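# A look at the structure
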Amino acid sequence: MVASIFSYLKKGIMSSLLCLFFCNIAWSNCDVSQIQRGQPQQLIQHPTLRVLVWNIQKAKSKHFLSDFHSLSKNGAYDLILLQEAVFDKKYSNPYLEIKSYSMSMVDNFKLLFSANHTGVATLSKFTPVESSCIKTNKKEPLVGTGKMSLFTRYPIAGVSGVKLLVANVHAINFVSTAAYTREIKQIVKRIKNHKGPILLAGDFNTWTSDRLKILVSLVKKKVGLKEIKIPEEYRK
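Presented here is an overview of the structure given in this document. (Residues numbered from 1 in each chain as written. Predicted model: local features only at pLDDT ≥ 70, side-chain atom pairs only at ≥ 80, totals over all residues. Heavy atoms only, no water.)

### Quick word on helix α2 (residues 64-72)
- Those residues of α2 that fall on the buried side of the exposure criterion are F64, F68 and S72. In a view along the axis of α2, the buried residues occupy a sector of 40°, so they form one face of it.
- Phi for N74, located one or two positions after α2, is positive at around 60°. (Buried < 20%, exposed > 50% of the residue type's maximum accessible area, 1.4 Å probe, protein only. Helix = DSSP H or I, 4+ residues; strand = E, 2+ residues; numbered from the N terminus. Arc of directions from axis to C-beta.)

Structure representation (structure tokens):
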């Protein structure tokens, strides 16, 4: 009897804790927000771009602010692709301190009783002419959240009508291989008909060999993209 009561109380406590989290979440409708600071360039002028891709894990690291300032100072990168970016009064500051840039961002979810948002953000020295996003059809177990991918297009100087498509992806995690494949196919479908150069980057959650093979196969066969080999010294 005592054991049964304890088990009941334990389940009740867990349910209450889960509700404190889940009942406080508003899921995103895939609305892209745009912030501009200074005077970003209207056109991409150079054939070579410096790109930083970083899952900042909701800026939980105590070194995040100093690391971000160090990496982004003096306009070191033309494009900065962030996953699990945090948007609030405190952590929007480092983004806003970059001079002459444009930032497109989309929330994954927002805490209802907080100013905090978390999602995907693309910062660039150029002004996008189009921004859009897609969210996964599948949601991750337990937390019940999906993932977002953000797409921005930038005109290129000297090439009329041609734009660079930047796809900033945070791929679904903790689902079956079949479900993962379906979500990657949704991203591939979005970008494969683009007429012009494509930069596809982000956190693909390819922590198994099967997932990595699926990603590489779909991207190469359906879109014709080439993999950029990142030297080990540039990986963090």
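From this point, the discussion proceeds with the structure in view.
### Here's the deal with the pattern of salt bridges
- A full pass over the atoms with the stated rule returns five salt bridges.
- Here K125 ties to D78 by a salt bridge, and the two come within 3.6 Å at their closest N and O atoms. With K125 in the loop between β6 (117-124) and β7 (130-135) and D78 in the loop between α2 and β4 (79-87), this pair connects stretches of sequence that are 47 residues apart.
- K125 sits in the partly exposed class, given a relative accessible area of 23%.
- What makes D78 buried here is its relative accessible area of 14%.
- K229 is the partner of E227 in a salt bridge, and the nearest nitrogen-oxygen pair spans 3.4 Å.
- Residue classification places E227 among the partly exposed positions, given a relative accessible area of 46%. (Salt bridge = Lys/Arg side-chain N within 4 Å of Asp/Glu carboxyl O.)

Coordinates in, geometry out; function isn't part of it.
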